[in-house]
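# Observations on the three-dimensional arrangement
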Amino acid sequence: MPKAKIVRVEPLNPSEEAIREAAEILKSGGLVAFPTETVYGLGADAFNPEAVLKVFKVKRRPLDNPLIVHVSSLDMLQQVASEVPERVVKALSIAWPGPLTVVVKRKSTLPEVVSGGLDTVAVRSPAHPVALKLIEAVGRPLAAPSANIAGRPSPTRAEHVVEDLGDEIDMILDAGETFFGVESTVVDLVSPSPQILRPGPLGPEELEKIFGVKFGLPPYARGLSSYEERPPSPGMKYRHYAPSKKLVLVEKGSCDTTTYFEFLMKQLESYLKDFPALIATKETVDEVRSKLGDSLTYFTLGSRENLFEVAKNLFSTLRILDKYGRVSIAISESVEERGIGLAIMNRLRKASSERITCKQKQL
Ligand code: AMP
Ligand code: MG
């Protein structure tokens, strides 16, 4: 039995009693994991530095990797942020509640530990009814990173939270699977030009519509390069979302679909003696299975026509992979880098231990 009290709640209509109990724990400095529309968060009162420090400790998260502060309204944003321009407030009135985190100037009254000593703070208002009701019941912003041990795949089910933190925290509100399955889009609104720091459910096109400006998408936001020194977002320098097994990501690179499939097949064949697993879309799994049959293990993420489905299954698949005794190596397909596909590729690149890129032969 884990130490944490696990309470099952209806995702769209959680019991008031469960919310009240969780809020009391948070108000007295405890830690509660709760569902958001992206992944499960590990909440602490953002204005209680000891509680926030506990979050870093139980997650084994480096103190220089700041937490996202969760608010239930634009008014609450003013408690943690300062000098938020009117145009940003206007855009957030459209985007919130939702899977968008904005990095803005931090209010000096917010404990420094929340934002890893930076003079900025990352804030979002989650759209999950359980998360919103919980913040409202506490009446204060909650610092809430993903409820996993640092470096592990983020939790999309309460069971994942129990696995990682069940003995370390006070309560888990279990509302079943989260809706998106990848973490929020994080954007920097403090730099001279707005940048995507971490792609998420809200893609560049939607951001442009909401804010009326184009957002930069630097290579590190695609997971293509790592920053050892002074990264624009501290979390970028750490490996993330990683299963403990070897994960080889086969990138599409400059290849057309046919050449890429042949390249992927070649990689799989070269690992056949190691009982590899293939992590791929349904279409690819079907095609590979028709050629290689049962000589490997298949993990289907969903249809390539529905990247939201693929995103939703990604982290739970990486966790299942770890439990598969027979498999020691997994080979993952790439998806198209558009919309939420950018988030999927960022997470896959950060989770992989090796990347191989297909190169189209010039005729
Ligand atoms: P998590 O809460 O685990 O989903 O991770 C939050 C992400 O937001 C990490 O990659 C952090 O580095 C990033 N982040 C949080 N606060 C800031 C900030 N003030 N400036 C830039 N990035 C931030
Ligand atoms: Mg995280």
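Predicted, not measured: the structure shown is a model, and the values here were computed from it.

### Notes on the packing of aromatic side chains
All chains considered together, the criterion is met by three aromatic pairs. Ring geometry for phenylalanine 180 against phenylalanine 308: centres 6.1 Å apart, planes inclined by 45 degrees, an arrangement best described as tilted. Within this pair, whereas phenylalanine 180 is found in the loop between strand 8 (171–174) and strand 9 (185–188), its partner phenylalanine 308 is found in helix 10 (residues 307–323), the two being separated by 128 residues in sequence. Classification of phenylalanine 180 as partly exposed rests on a relative accessible area of 23%. Residue class for phenylalanine 308 comes out partly exposed when judged on its relative accessible area of 42%.

### Some details on the sheet that holds strand 15 (residues 354–357)
Across the sheet, five strands lie side by side as 13-12-14-11-15; this open sheet has parallel pairing. Either end of the sheet is taken by a strand with one partner, and the two such strands are strand 13 (297–300) and strand 15. Averaged over all neighbouring strand pairs, the angle between strand axes comes to 20 degrees, with direction disregarded. On top of the sheet, helix 8 (residues 257–270) reaches strand 11 (246–251), strand 12 (277–280), strand 14 (329–332) and strand 15; it is set at about 155 degrees to strand 11, its chief contact.

### Points about the environment of asparagine 148
You can see asparagine 148 is positioned in the loop between strand 7 (142–143) and helix 6 (158–165). The class of asparagine 148 is buried, set by a relative accessible area of 3%. Put simply, asparagine 148 and leucine 165 are 17 residues apart on the chain and 6.8 Å apart in space, counted from C-alpha to C-alpha. Once residues lying within four places of it in the same chain are set aside, the contact partners of asparagine 148 are Lys59, Pro153, Ser154, Pro155, Asp164, Leu165 and Arg319.

### Observations concerning the pattern of salt bridges
Throughout the structure, instances matching the rule amount to 25 salt bridges. For arginine 349, the salt bridge goes to glutamate 337, with nearest N and O atoms at 3.0 Å. Taken together, the positions of arginine 349 in helix 11 (residues 341–351) and glutamate 337 in the loop between strand 14 and helix 11 put the pair twelve residues apart, joining distant regions of the chain. A relative accessible area of 7% means that arginine 349 is categorised as buried. Glutamate 337 sits in the partly exposed class, given a relative accessible area of 27%.

Thresholds, definitions, all that
- Residues numbered from 1 in each chain as written.
- Chains lettered and ligands numbered in written order.
- Predicted model: local features only at pLDDT ≥ 70, side-chain atom pairs only at ≥ 80, totals over all residues.
- Heavy atoms only, no water.
- Phe/Tyr/Trp six-rings, centres within 6.5 Å; stacked < 30°, edge-to-face > 60°.
- Helix = DSSP H or I, 4+ residues; strand = E, 2+ residues; numbered from the N terminus.
- Buried < 20%, exposed > 50% of the residue type's maximum accessible area, 1.4 Å probe, protein only.
- Pairing = 2+ DSSP bridges.
- Axes fitted to C-alpha atoms, helices over the stretch in contact; angles between N-to-C directions.
- Contact = heavy atoms within 4.5 Å.
- Salt bridge = Lys/Arg side-chain N within 4 Å of Asp/Glu carboxyl O.

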